[in-house]
Amino acid sequence: MKTKEVRELSDKELVERIAAERANLSKMKLNHAISPLDKPSQISDSRKTVARLLTELRQREINKQK
């Protein structure tokens, strides 16, 4: 998910997307521990997506306070 796409989401959609991505990340980690994934880089991509979403959410909170 690109940064531009993240900025277009509403606050509610951001929170829902964060929860979904975190669940997906934990599933991927568990599956990778049992049997290796075809693309282990998916785990780091998912982790970066969660970080982008959290960063945008925090940035919005800071802007609301100003």
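The structure we're discussing is the one just above.
Residues numbered from 1 in each chain as written. Predicted model: local features only at pLDDT ≥ 70, side-chain atom pairs only at ≥ 80, totals over all residues. Heavy atoms only, no water.

### Details of the overall build of the chain
Okay, so step 1: The secondary structure content of the chain amounts to 3 helices and 0 strands.
Okay, so step 2: Taken from N to C terminus, the helices and strands of the chain fall in the order α-α-α.
Okay, so step 3: Dimensions of the chain, computed from C-alpha atoms along their principal axes, come out at roughly 50 × 20 × 15 Å.
Okay, so step 4: Among the 66 residues that make up the chain, the fraction classed as buried is 23%.
Okay, so step 5: Contacts in the chain between residues at least 24 apart in sequence constitute 65% of all its contacts with a sequence separation of at least 6.
Okay, so step 6: Accessible surface, the chain: about 5100 Å² in total, of which carbon and sulfur atoms supply 51%.
Okay, so step 7: For the chain, the distance from the average position of its 16 positive side-chain charges to the average position of its 10 negative side-chain charges is 4 Å. (Helix = DSSP H or I, 4+ residues; strand = E, 2+ residues; numbered from the N terminus. Buried < 20%, exposed > 50% of the residue type's maximum accessible area, 1.4 Å probe, protein only. Contact = heavy atoms within 4.5 Å. Areas by Shrake-Rupley, 256 points an atom, 1.4 Å probe, with all protein chains shown as cover. Lys, Arg positive; Asp, Glu negative; His and termini not counted. Charge placed at Lys NZ, Arg CZ, Asp CG, Glu CD.)

### A look at the nonpolar core
Okay, so step 1: Listed in full, the 6 residues of the largest apolar core are Val6, Leu9, Leu14, Ile18, Leu53 and Leu57.
Okay, so step 2: Those elements that place two or more of their residues in this core are α2 (11-34) and α3 (41-65).
Okay, so step 3: Excluding residues within four positions of it along the chain, valine 6 makes contact with Met1, Leu14, Arg52, Leu53, Glu56 and Arg60. (Core = buried A, V, L, I, M, F, W, Y, C linked by side-chain atoms within 4.5 Å.)

### Details of the environment of glutamate 56
Okay, so step 1: Within the fold, glutamate 56 resides in helix α3.
Okay, so step 2: Glutamate 56 gets classed as buried once you look at its relative accessible area, which sits at 14%.
Okay, so step 3: In the structure, glutamate 56 is positioned 45 residues away from aspartate 11 in sequence and 9.3 Å away in space, judged by C-alpha atoms.
Okay, so step 4: When residues no more than four places from it in sequence are discounted, the contact partners of glutamate 56 are Val6, Arg7 and Leu14.

### Some remarks on α2
Okay, so step 1: With 24 residues, α2 ought to run about 34 Å at 1.5 Å a step, and its terminal C-alpha atoms sit 35 Å apart, in line with that.
Okay, so step 2: The set of residues buried in α2 consists of Leu14, Ile18, Glu21, Leu25 and Met28. (Expected span 1.5 Å × (residues − 1).)

Taken by themselves, the reported measurements are silent on function.
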